[in-house]
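Commentary on secondary and tertiary structure
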Amino acid sequence: MSLRSGGRKVSFDLLASDSSGDDGILSLRPSVVFSNGGEDGRSTRRKRKSKASKKKKLTERAALAEDRGLLVGLDLQKPVVENGHYEDKMGLSVSKSRSVVESVCENTVVEPAPEPESSQVSCVSFVELRQRNANGSAGDEPGEEETSTRESSAGQWRPQSKEKITKFAKEGSLDWNRVMAEDPNLLGEVSSSDRSPIKYFMGEIYGGNSLRSTIPAGNEKKRQGVYNTMFHVPWRCERLIVAGFFVCLDSFLSLLTIMPARILMTIWRVLHTRQFQRPNAAELSDFGCFIVLTIGVITLQMTDISLIYHIIRGQGIVKLYVVYNVLEIFDKLCQSFGEDVLQVLFNSAEGLSNCLPDNMIFQLMRFILDEAIAIIAFVVHSFILLAQAITLSTCIIGHNNALLALLVSNNFSEVKSSVFKRVSKENLHSLVYYDIIERFHITTYVLFVLSQNILEAEGPWFESFAIDALQVYVCETFIDTIKHSFLAKFNEIKPSAYSEFLEDLCKQTLNEKPDERRKDLTFIPLAPASVVIRVLTPVYAIVLPYGPLPWRLFWIIFWSSLTYITLAICKMLVGLSLRRLATWYMNQQLESKQHVD
């Protein structure tokens, strides 16, 4: 900004020192130019104007390059405060306060006179250059400062307040010692490492739970999970297995009582009417099952149990464990295959009973083929169950802790193979049904051991037999409890699932129409019945008196009738009890559901 008074002119020149000078620092100082004529003044103003415009362009380019981070050929850094001036590596030194320039202008000028417009623009541009250079090299907050500077270049410059200039003040550095002194617990327990061992140990004693770093505190959900694993799941699972066991017993007694009665009634009707009528599907199914059972018993009667017993007894404990596991696997395979075979046989019986006379031969041949397949399948299954019973009997009679080793190895391998697998609710339902059938098969094995003790044992044997049988049942119950408890825990299955399984079993007992959601217990008692008849026949032979054949036939018929009546009474008691309990449980479930709703 230049002012003229009485033939002399005061202006501010940008004087750049040489390269050999003061490190290329630009200084701003007032200069007095004496002008006697208008021509010299105009030339001087042109030079100042050209210099100011060049410096303005250079400063604007530098500011733009710094904004984009692309300083090509210039190494600009943040300004350094030194002796009240801001300096950068371009060699520009600018005053800290714009008020200094204004005070110099006011002190130098005595009598202001009107100046041409070009001179005013030159001075404004010069001061604007200083403002842009200071803002551009600040670098702390380029957004607001550069925006205001660019807006001031379009119009006339206005002095800014001193508050914004104070932003260039240097902030205090972060003193870590001071921060830690203000907040000693900033790092929590890490700061305890600076304490002495005694203080650390006492702090751990009074710090709360000693396992707080490795075991979090539980809640009501965790407590309920513990109670489910310990109490609710074992109780409901064992209740379901016991109910299923009696359902299997009812089916077993039906095979030995209801099926022979139906067959005798059919034969009596044919003999009484002397007319052969095509049997219905139920009668054909009964005849097919009776043929399978009869052939299975005859085949097992031809088997030498003593030979099989000595072959198995000659093996070591480890081999006994392997043999028992292999037989158990084949038992489950035969159960699954026997279910399909029997369903196919019943379908063939229905087709034969309802077919047309032209299709009679085809349906009859298909029924015979399915009957032959069923005979083979269930005879094999009967042999497998008999071999398992002989293996268990070998371990019980051995008196060398072989039974305990067999039970522990077999049952805990079952836990290992099932507990740590991901199972769904439907798979758990099937697993419970397999455990029910296994419990009934174990009862068959115990009957075989009992019959062998009756036939061959000497001296007092019942006490040891009862202890061994109790050991088998307790171990099996304990393993089933552990297995289902942790299956429910790991798969997040609630104990109410076992109540739903029991409800389905009650509906099956009451012969309600099955729906798509319900899963029924499938148990085929043909193979267990063959084994039981085979092992109990020698026991009946002992009690038969010696004498003529008619006398022996009389006692055979007597004991058979007495056995049938006993089984029939058991069938009625078991069947009626199951139906009453099933009805009671269904009513209880219905009331609880209504109460919840």
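The model shown is predicted, which means the values in this text are computed figures rather than measured ones. (Residues numbered from 1 in each chain as written. Predicted model: local features only at pLDDT ≥ 70, side-chain atom pairs only at ≥ 80, totals over all residues. Heavy atoms only, no water.)

Turning our attention to the side chain of E238. By the secondary structure assignment, E238 is in helix α8 (residues 220-273). The buried category is assigned to E238, whose relative accessible area is 18%. Non-local contacts of E238, meaning those with residues more than four positions away in its chain, are made with R439, T477 and T481. (Helix = DSSP H or I, 4+ residues; strand = E, 2+ residues; numbered from the N terminus. Buried < 20%, exposed > 50% of the residue type's maximum accessible area, 1.4 Å probe, protein only. Contact = heavy atoms within 4.5 Å.)

Looking now at the packing of aromatic side chains. In this structure the tally under the stated criterion is 16 aromatic pairs. Here a set of aromatic residues connected by ring pairs shows up, and it is made of F245, F246, F252, F440 and F523. (Phe/Tyr/Trp six-rings, centres within 6.5 Å; stacked < 30°, edge-to-face > 60°.)

This part is about the nonpolar core. Y498, L521 and L526 are the most contacted members of the largest nonpolar core, which has 57 residues in total. No other element matches α8, which puts 13 residues into this core. What Y498 contacts, discounting residues up to four positions off in sequence, is V233, R236, C237, L240, L428, V432 and H484. Residues L320, L407, F465 and A469 belong to the second largest nonpolar core, which totals 32 residues. (Core = buried A, V, L, I, M, F, W, Y, C linked by side-chain atoms within 4.5 Å.)

Glycine aside, a negative phi is what most residues show, and trans is what most peptide bonds show. Phi is positive for E492, close to 55°, though the residue is something other than glycine. Considering the arrangement of structural elements, one finds E492 in the loop between α15 (462-490) and α16 (496-509).

We now examine the pattern of salt bridges. For side chains bearing opposite charge, pairing can occur when the charged atoms are close. Across all of its chains, the model carries 11 salt bridges by this definition. A salt bridge links D286 to R262; the nearest nitrogen and oxygen atoms lie 2.5 Å apart. Placement of the pair is D286 in helix α9 (residues 281-301) and R262 in helix α8, with a sequence separation of 24 residues. Overall, D286 belongs to the buried group, its relative accessible area being 15%. Since its relative accessible area comes to 36%, R262 is described here as partly exposed. Notably, a salt bridge pairs K593 with E503, separated by 3.3 Å at the nearest N-O pair. Residue K593 is found in helix α18 (residues 549-596), and its partner E503 is found in helix α16; the two are separated by 90 residues along the sequence. (Salt bridge = Lys/Arg side-chain N within 4 Å of Asp/Glu carboxyl O.)

Annotation from UniProt places "transmembrane region" (unreviewed entry) at residues 240-264, 284-309, 367-384, 390-412, 523-547 and 553-574. The span residues 240-264 is 100% helix and 0% strand, and its two end C-alpha atoms sit 35 Å from each other. (UniProt positions renumbered as here; feature names shortened; annotations may be inferred.)

Right, let's get into a positive patch on the surface. Residues K221, K222, K489 and K494 make up a contiguous surface patch of positive charge. Positionally, K222 belongs in helix α8. Classification of K222 by relative accessible area gives exposed; the value is 59%. (Patch = residues over 30% accessible without salt bridge, like charges linked within 9 Å, V, L, I, M, F, W, Y side chains within 5 Å. Areas by Shrake-Rupley, 256 points an atom, 1.4 Å probe, with all protein chains shown as cover. Lys, Arg positive; Asp, Glu negative; His and termini not counted. Charge placed at Lys NZ, Arg CZ, Asp CG, Glu CD.)

With that out of the way, let us pick up helix α10 (residues 305-313). Three or more residues of α10 are buried, namely I305, Y309 and I312. Looking straight down α10, one finds its buried side chains confined to an arc of 70°; they lie on one side. Across from the buried face of α10, at angles greater than 90 degrees, the exposed residues are L307, H310 and I311. (Arc of directions from axis to C-beta.)

On to the environment of P260. Within the element layout of this structure, P260 appears in helix α8. Classification of P260 by relative accessible area gives partly exposed; the value is 24%. Residues P260 and D286, spaced 26 residues apart in sequence, show a C-alpha to C-alpha distance of 8.4 Å.

Here we take up the environment of R579. By secondary structure assignment, the location of R579 is in helix α18. Taking relative accessible area as the criterion, R579 reaches 37% and is therefore assigned partly exposed. Each C-alpha atom of the pair R579 and L510 lies 6.1 Å from the other, and the pair is 69 residues apart in sequence. Contact partners of R579, with chain neighbours within four places excluded, come to T509, L510 and N511.

Residues lying three or four places apart along an α-helix face the same way, a consequence of the helix completing one turn every 3.6 residues. Compared with an ideal rise of 1.5 Å per residue, which puts 21 residues at 30 Å, α9 spans 30 Å between its outermost C-alpha atoms and is within 8% of the ideal. Within the sequence span of α9, burial applies to E283, L284, S285, D286, G288, C289, V292, L293, G296, V297 and L300. (Expected span 1.5 Å × (residues − 1).)

What follows deals with the side chain of S530. Mapped onto the elements, S530 comes out in helix α17 (residues 526-543). The buried category is assigned to S530, whose relative accessible area is 2%. In this structure, S530 is in contact with L293, G296, V297, L300 and S382, ignoring residues within four places of it in sequence.

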